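Residue strings, one per chain:
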Amino acid sequence: MDFKGFDQPGGPGSGGTRSVKVMIAGGFGTGKTTMVRSVSDIKPLTTEETLTQASAADDHLIGVADKTETTVSLDFGKISLNESLMLYLFGTPGQERFWFLWNGLFKGALGAIVLVDTRRLASSFRAIEEMERQNVPFVVALNVFPDSKDYPVEEIRDALDIPANIPVVACDARDRASSRDVLVALIRHLKDRSAVALESR
Amino acid sequence: MSAPRRSTNPSGLERYYVLTKGRSGPGGSASSLDVATLIVSRTTPVPGMQHEHEEILRRCRDPLSVAELGAHLGLPFNILAVLLTDLLEAGRVEARDPIPAHSAGRGPDLALLEEVLSGLQRL
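Residues numbered from 1 in each chain as written. Chains lettered and ligands numbered in written order. Predicted model: local features only at pLDDT ≥ 70, side-chain atom pairs only at ≥ 80, totals over all residues.

S.K.: What am I meant to see in the interface of chain A and chain B here?
M.R.: Where the parts come together, the accessible area they lose is often given as the size of the interface. Across the contact, 37 residues belong to chain A and 35 residues belong to chain B. Among the elements of the structure, strand S1 (18-26), strand S2 (45-52), strand S3 (69-82), strand S4 (85-91), strand S5 (109-117) and helix H5 (176-199) of chain A are those that each provide at least two residues to the side of chain A that touches chain B. Per element, the largest residue contribution to the side of chain A that touches chain B is 9 residues, and it comes from H5(A). Taken together, the residues of the side of chain A that touches chain B break down into 18 nonpolar, 12 polar and 7 charged. (Contact = placed C-beta atoms within 7 Å. Helix = DSSP H or I, 4+ residues; strand = E, 2+ residues; numbered from the N terminus. Nonpolar A, V, L, I, M, F, W, Y, C, P; charged D, E, K, R; others polar.)

Laid out in structure tokens, this is it:
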């Protein structure tokens, strides 16, 4: 059955509950799990997927011996937006090469937050490229670590080659309100994009 | 068939093989399952049911995401997806995919974004 995009008629019990998801991407050690933890209503959990690195087109019998299995973990949290709408937040695995192995990881997401450690800009290059390649709407959040230099946002935008229409915000991933504000920036960005899309129809 | 309800050595790949009766990938209706898909029970457990199926029905009286279910049951996504396919095909659970910002052919869902925004602003 396909309920995509439809409000549920109030069924028995909590029949009408729906979900949305937001991905938190970024290089290794940029604070993805920290952000999930700070903003989640529940104690963050981990879910796993066993990925088989073999081409789907391989002949089953021939392919078997060559398969390598990797377990990839996703840390996630949940925010109850209202009685019937849940926001799930997923921290992506640190190694970006797993993102395309996990089929549909970004599919169905409202959008993504790409976390950047300003002391190691290059660690999030790949994440930004992947968002662009997979056509996932995103905002960039500069996770301000205590010993980070105070870079002007525009300087970092230039260094990371982020287009002018994509918001770049500073945050402290350890802080709930600050992480919430990044989510708000993402949703506002999605609304702006929608408005542009509606105008051009 | 009188298979034991639980494997005597329920660890790792062997356990998963037993749980899924050797089936590996989600196919059919489960191929669209997402980590944020909500699962809701439509029936109560019946006697003789596989333990894990029973457990899923019990935990999903209130809607629970596939990711939460996997974390609580200690099962990886692909194994859980096989078990959920059984229940979906038997009509014992209902699956609701996460709502995307854009539904195909319907354009951007501004009402949804507003709802998310006001929920976040109340935090």
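S.K.: Please clarify how unusual backbone geometry should be interpreted in this entry.
M.R.: In terms of backbone geometry, most residues other than glycine have negative phi values and most peptide bonds are trans. One non-glycine residue, A:Asn135, lies in the positive phi region at around 60°. Locating A:Asn135 in the fold gives a position in the loop between helix H3 (125-133) and strand S6 (138-143).

S.K.: I tried to follow the nonpolar core on my own but got confused; where do I start?
M.R.: It is characteristic of soluble globular proteins that their nonpolar side chains tend to be buried jointly. A:Val22, A:Ile24, A:Ala112, A:Ile113 and A:Val114 are the most contacted members of the largest nonpolar core, which totals 74 residues. Beyond its immediate chain neighbours, meaning those up to four positions away, A:Ala112 contacts A:Val22, A:Met23, A:Ile24, A:Ala25, A:Phe106, A:Met131, A:Val136 and A:Phe138. (Core = buried A, V, L, I, M, F, W, Y, C linked by C-beta atoms within 7 Å. Buried ≥ 20, exposed ≤ 12 C-beta atoms within 10 Å, placed from the backbone.)

S.K.: Looking at this structure, how should I read helix H5 (residues 110-121) of chain B?
M.R.: Residues spaced three or four apart along an α-helix point in a common direction, a consequence of the helix completing one turn every 3.6 residues. In this model, H5(B) (12 residues) spans 16 Å end to end at C-alpha, consistent with the 16 Å of a helix rising 1.5 Å per residue. Regarding H5(B), the residues found buried are B:Leu112, B:Leu113 and B:Val116. For H5(B), the buried positions fall inside an angular range of 100° around the axis, keeping them on one side. Along H5(B), exposed side chains directed more than 90 degrees from the buried face belong to B:Ala111, B:Glu114, B:Ser118 and B:Gln121. Packing partners of the buried residues in H5(B) comprise S1, S3, S4 and H5 of chain A. (Expected span 1.5 Å × (residues − 1). Arc of directions from axis to C-beta.)

S.K.: Where do I start with the environment of B:Leu113 in this structure?
M.R.: Positionally, B:Leu113 belongs in helix H5. Ignoring any residue separated from it by four or fewer positions in sequence, one finds B:Leu113 in contact with A:Ile187, A:Leu190, A:Lys191, A:Ser194 and B:Ala101.

S.K.: For this particular structure, what's the right way to read the pairing of strand S7 (residues 168-171) of chain A?
M.R.: Regular strands place side chains that alternate from one sheet face to the opposite one. Residues and elements named next belong to chain A. Here S6 runs beside S7; their pairing, made up of 4 bridges, is parallel. Note on S7: the bridge partner recorded for Leu142 is Ala170. Crossover connection from S6 via helix H4 (residues 153-160) to parallel S7: handedness right-handed. (Pairing = 2+ DSSP bridges. Right-handed = clockwise from strand over helix to strand, strands pointing away.)

S.K.: Honestly, the pairing of S6(A) in this entry has me stumped. Any pointers?
M.R.: Residue and element names in this part refer to chain A. Along S6, 6 of the 6 residues are buried, which leaves the element largely enclosed by surrounding structure. Covered by surrounding structure in S6 are Phe138, Val140 and Leu142 together with Val139, Ala141 and Asn143, the residues of both alternating faces. Taken together, the 6 bridges between S5 and S6 define a ladder with parallel strand orientation. Each bridged residue has a counterpart across the sheet, and for Val116 the counterpart in S6 is Leu142.

S.K.: Looking at this structure, how should I read the confidence of the model for chain B?
M.R.: If pLDDT is low for a region, its predicted coordinates should not be looked at in detail. Residues and elements named next belong to chain B. When pLDDT is averaged along chain B, the result is 83; 77% of the residues meet or exceed 70. In the model of chain B, strand S5 (residues 107-108) stands out as the element of lowest mean pLDDT, 62, in contrast to strand S1 (residues 38-41), which has the highest, 97. Note on residues 1-9: pLDDT is under 50 here. Beyond four places in sequence and across chains, it has 6 contacts. Quick note on the complex model: pTM equals 0.84, ipTM equals 0.83. (pLDDT = per-residue confidence, 0-100.)

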